[in-house]
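Structural features, examined
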Amino acid sequence: MKNILYKNTNISFTDSGQGNAIVLLHGFLENKKMWTEYAALFSEKYRVITIDLLGHGDTECLGYVHEMEENANVVNEVLEHLQIEKAIILGHSMGGYVGLAFAELYPKKIQKLVLQNSTSKEDSAEKKTNRTRAIKAVKQNYVSFVSLAIANLFSENNRIRLAEEIEKVKTEALKTPLQGIVASLEGMKIRKDREELIRKNLFPILLVLGKKDPVLNYEESLAQIEDTTAELVSFEDGHMSHIENKEALKSILLDFFE
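Summarised in this report is the structure supplied together with it. (Residues numbered from 1 in each chain as written. Predicted model: local features only at pLDDT ≥ 70, side-chain atom pairs only at ≥ 80, totals over all residues. Heavy atoms only, no water.)

**A few points about the overall build of the protein chain**
Scanning the protein chain from terminus to terminus reveals twelve helices and eight strands. Here the C-alpha atoms of the protein chain give a radius of gyration of 17 Å, agreeing with the 18 Å that 2.2 N^0.38 yields for 258 residues. Projected onto its principal axes, the C-alpha positions of the protein chain cover 45 × 40 × 35 Å. Counting the 258 residues in the protein chain, one finds 55% classified as buried. For the protein chain, the share of sequence-separated contacts (at least 6 apart) that also reach a separation of at least 24 residues comes to 77%. When the accessible surface of the protein chain is totalled, it reaches about 11,400 Å², and 49% of it is carbon and sulfur. Taken together, the 32 basic and 38 acidic charged side chains of the protein chain have centroids lying 2 Å from each other. (Helix = DSSP H or I, 4+ residues; strand = E, 2+ residues; numbered from the N terminus. Rg over C-alpha atoms; globule rule 2.2 N^0.38 Å. Buried < 20%, exposed > 50% of the residue type's maximum accessible area, 1.4 Å probe, protein only. Contact = heavy atoms within 4.5 Å. Areas by Shrake-Rupley, 256 points an atom, 1.4 Å probe, with all protein chains shown as cover. Lys, Arg positive; Asp, Glu negative; His and termini not counted. Charge placed at Lys NZ, Arg CZ, Asp CG, Glu CD.)

See below:
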């Protein structure tokens, strides 16, 4: 595990393997540990960097709103530090929002982009209201908010089958500080719509979706890649494809990286 300072804030990351660089970005309430198994596999052929985004894992908070652009600058800072000029970015959920912000801010540094259970669309008015409610809820009862939030990411039929995995995800999520949770919810709420970025077809994009994703509407998600060169992979499960569809996802990602 390595660290750098960005705006006097400690940023934690890992760096393993050699070859073309792949950056793995976790989602909300997750941290770089979610990628351990994937990083081990990918680093057999590639240089793999996993980063704890602001207020998650071993990375400190930076103020009261963690904007996606600020997280993208953190990613850039790590790449600069490692002297990596171009990378494939894979972002799960919020990590995808950060990946898109990175692609917009540093277009020459992106080789390919994977949006896993993520979207280029901004929050709808309803979603924004829900984020505000979530901020209130987590301040009132942190543990119950986190536990419920994690269980709700899996498709219903997987909540029993993957009970053990879900507990592990909850354990990691409960390490996220309150400020990190609130600042990320605020940041996601105000993020820009970046559908235009997908339409430009500037670099290869892979969109990974779950048909029973409780967080992202499947049909709406499809609309953003209509008439683009983006590739689509759909699973029959929820928001956590890296757990719910682990083996299939691994081989799909390796194919796309090629």
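**Concerning a nonpolar patch on the surface**
A surface patch of nonpolar side chains, amounting to about 340 Å² of accessible area, comprises Y64, V65 and I190. In this fold, Y64 is placed in the loop between β4 (47-51) and α2 (68-81). Classification of Y64 by relative accessible area gives exposed; the value is 67%. (Patch = residues over 30% accessible without salt bridge, like charges linked within 9 Å, V, L, I, M, F, W, Y side chains within 5 Å. Salt bridge = Lys/Arg side-chain N within 4 Å of Asp/Glu carboxyl O.)

**Brief notes about helix α3 (residues 94-105)**
A rise of 1.5 Å per residue sets the reference length of α3, with its twelve residues, at 16 Å; its end C-alpha atoms lie 17 Å apart and thus fit the reference within 8%. Taken residue by residue, α3 has M94, G95, G96, Y97, V98, G99, L100, A101, F102 and A103 as its buried positions. (Expected span 1.5 Å × (residues − 1).)

**Overview of the sheet that holds strand β7 (residues 205-210)**
Here we have eight strands laid out as an open sheet, ordered β1-β2-β4-β3-β5-β6-β7-β8, and mixed in their pairing. The sheet is open, and its two borders are formed by β1 (2-6) and β8 (231-235), each paired with just one other strand. The mean inter-strand angle of the sheet, taken between neighbouring strand axes irrespective of direction, is 20°. Bridge count between β1 and strand β2 (residues 9-16): five bridges; the pairing is antiparallel. Residue pairing for β2: L5 is matched across the bridge by N10. (Pairing = 2+ DSSP bridges. Axes fitted to C-alpha atoms, helices over the stretch in contact; angles between N-to-C directions.)

**So, the nonpolar core**
In this structure, V23, I51, V75, I150 and F154 are the most contacted members of the largest nonpolar core, which totals 62 residues. In contact with F154, not counting residues within four places along its chain, are R159, L162, I166, V169, P214, M240, I243 and E244. L90, L206, V233 and F257 belong to the second-largest nonpolar core, a separate cluster that totals 20 residues. (Core = buried A, V, L, I, M, F, W, Y, C linked by side-chain atoms within 4.5 Å.)

**Side note on the pairing of β8**
Pairing of β7 with β8, which is carried by five bridges, proceeds in the parallel orientation. Pairing of L209 across the sheet is with S234, part of β8. The handedness of the β7 to β8 crossover, carried by helix α10 (residues 218-223), is right-handed. (Right-handed = clockwise from strand over helix to strand, strands pointing away.)

**Things to note about the environment of P107**
Assignment of secondary structure puts P107 in the loop between α3 and β6 (110-116). Given the relative accessible area of 43%, P107 is considered partly exposed. C-alpha of P107 to C-alpha of V233: the two residues are 126 residues apart in sequence and 24 Å apart in space.

**Structural notes on the pattern of salt bridges**
Charged atoms that come close allow side chains of opposite charge to pair. Summed over all chains, the structure comprises 22 salt bridges. K246 is the salt-bridge partner of E37, the closest N and O atoms lying 3.1 Å from each other. Note that E37 is positioned in helix α1 (residues 36-42) and K246 in helix α12 (residues 246-257), a separation of 209 residues in sequence. With a shortest N-O distance of 2.5 Å, K109 and E80 are connected by a salt bridge. With K109 in the loop between α3 and β6 and E80 in helix α2, the pair connects residues that are 29 residues apart, well separated along the chain. A single salt-bridge network, built from bridges that share partners, covers E37, K246, E247 and K250.

**Remarks on the side chain of N117**
Looking at the element boundaries, N117 is found in the loop between β6 and α4 (125-140). Engagement of the side chain of N117 in a polar contact is seen with the side chain of Q116, the distance being 2.8 Å. Within polar-contact distance, the side chain of N117 engages the side chain of S241 at 3.0 Å. Non-local contacts of N117, meaning those with residues more than four positions away in its chain, are made with H92, S93, V208, L209, G210, D213, L216, G238, H239, M240 and S241. (Polar contact = N/O pair within 3.5 Å; in protein donor to acceptor, adjacent residues only side chain to side chain.)

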